[in-house]
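The lines below spell out each chain.
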Amino acid sequence: MGIPVNIEQLINGKSVEWERLEYKEGWNPEEIIHSICAFANDINNWGGGYIIVGVKEIDGVPQLPPVGIPQNSIDKIQKEIVQLCHMTEPYIQLVTYPTVFMEKHILVIWVPGGTERPYKAPSTLGEKGQKRYYIRKGSVSKIANRNASIRSNTQQNRRGISNCLNCQNTIR
C-alpha cells in the first residue's frame, strides 16, 4: 500500500514543515514517537500528517538532495516503529512507505488522524517515561498543556461514522 500523496509534492523544496509535515534527517525514535502521537491526535482535524525520515531541514525547508538513510537500516526502523506504536495508548495505526527519492533511500511515515483519540505516548523511551498527550502546533510536536483540553478538543474533532460512510446505503 502506498500513501495518498505524491512524494515529490511533499519534498520538492517548496514545502515547509507545518502541522501536517515533518522532516527528519535521521532516525530518532523518541522525537518521532512524539510526532506520531501528535499527528494521530490531529487537534485541528487536518487528517493526520507525514514524517519523512532521511531529509534534512533548515528552518523547516527540506534540503535537497535528501541525505537519505542506509538501505540496510530500513527494515530495522520499520520494526522499531511497530514497537513504538505499541507504547502508545491506544495503539496508533500508521503506514510506512520506504522509497527512493533523488537516488537516496527515505522512509515516509503516514499517520492518519486517529479514530480513538486522544492518544498518549511516553515522554521518554527510558523506564521513567510518563505517558503524555502530544499535539502539533505549527511545525512543533509538543506536550498538550492540559489533558482535559486535548480530551475535549479531540472528541469534538473526531470524524463520526456518518462522515466516513455513505449514509444513503442501508444494511439488509
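How each quantity is defined
- Residues numbered from 1 in each chain as written.
- Predicted model: local features only at pLDDT ≥ 70, side-chain atom pairs only at ≥ 80, totals over all residues.
- Heavy atoms only, no water.
- Helix = DSSP H or I, 4+ residues; strand = E, 2+ residues; numbered from the N terminus.
- Buried < 20%, exposed > 50% of the residue type's maximum accessible area, 1.4 Å probe, protein only.
- Contact = heavy atoms within 4.5 Å.
- Areas by Shrake-Rupley, 256 points an atom, 1.4 Å probe, with all protein chains shown as cover.
- Pairing = 2+ DSSP bridges.
- Axes fitted to C-alpha atoms, helices over the stretch in contact; angles between N-to-C directions.
- Expected span 1.5 Å × (residues − 1).
- Salt bridge = Lys/Arg side-chain N within 4 Å of Asp/Glu carboxyl O.
- pLDDT = per-residue confidence, 0-100.
- Arc of directions from axis to C-beta.

(A) Molecular detail of the overall build of the protein chain. The secondary structure content of the protein chain amounts to five helices and nine strands. Along the protein chain, helices and strands appear, N-terminal first, in the series α-β-α-β-β-β-α-β-β-β-β-β-α-α. Taken over 172 residues, the protein chain has a buried fraction of 40%. The contacts in the protein chain between residues at least 6 apart in sequence include a share of 68% that link residues at least 24 apart. Put simply, the protein chain shows about 9800 Å² of open surface, and 47% of that area lies on carbon and sulfur atoms.

(B) Expanded view of the sheet that holds strand β8 (residues 131–137). Judged by pairing direction, the sheet is antiparallel, and its three strands sit side by side in the order β7-β8-β9 without closing on themselves. Each having just a single partner strand, β7 (120–122) and β9 (140–143) make up the two edges of the open sheet. The sheet shows a mean angle of 50° between the axes of neighbouring strands, direction not considered. Where β8 and β9 come together, four bridges link them in antiparallel fashion. Each bridged residue has a counterpart across the sheet, and for Arg136 the counterpart in β9 is Ser141. Against the sheet, helix α2 (residues 29–41) makes contact with β7, β8 and β9, and its axis sits at roughly 70° relative to β8, the strand it touches most.

(C) Up close: α2. End to end, α2 covers 18 Å across 13 residues, agreeing with the expected 18 Å (1.5 Å per residue, within 8%). Downstream of α2 by a residue or two, Asp42 has a phi angle that is positive, lying close to 40°.

(D) The arrangement of the pattern of salt bridges in detail. A full pass over the atoms with the stated rule returns eight salt bridges. The salt bridge partner of Glu89 is Lys120, with a shortest N-O separation of 4.0 Å. Taken together, the residues span a long stretch of sequence, with Glu89 in the loop between α3 (74–86) and β5 (95–101) and Lys120 in strand β7 at a distance of 31 residues. Judged by its relative accessible area of 38%, Glu89 falls in the partly exposed class.

(E) Representation of the pairing of strand β6 (residues 104–111). Judged by how many residues are buried, β6 sits mostly within the fold: six of eight residues are covered. By the bridge criterion, five bridges tie strand β2 (residues 49–53) to β6 in an arrangement that is antiparallel. If you follow Ile51 over to β6, its bridge partner there is Ile109. Bridge count between β5 and β6: seven bridges; the pairing is antiparallel. Considered in β6, the bridge of Val95 is made with Trp110. The hairpin turn running from β5 into β6, its antiparallel successor, is two residues long, and Met102 in that turn takes a positive phi close to 50°.

(F) Spatial organisation of the confidence of the model for the protein chain. When pLDDT is averaged along the protein chain, the result is 86, and 83% of the positions lie at 70 or above. Every residue in residues 160–172 scores below 50 in pLDDT, and together they form two contacts with partners more than four places removed in sequence or on other chains.

(G) Representation of α3. For α3, spanning 13 residues, the distance from its first C-alpha to its last is 19 Å, which sits close to the expected 18 Å at 1.5 Å a residue. Residues Ile74, Ile77, Ile81, Leu84 and Cys85 constitute the buried set of α3. Projected onto a plane normal to the axis of α3, the buried residues spread over an arc of 95° and lie on a single side. Looking at α3, the residues exposed on the side facing more than 90 degrees away from the buried face are Lys76, Lys79, Gln83 and His86. In the core, the buried residues of α3 are packed alongside α2, β5 and β6.

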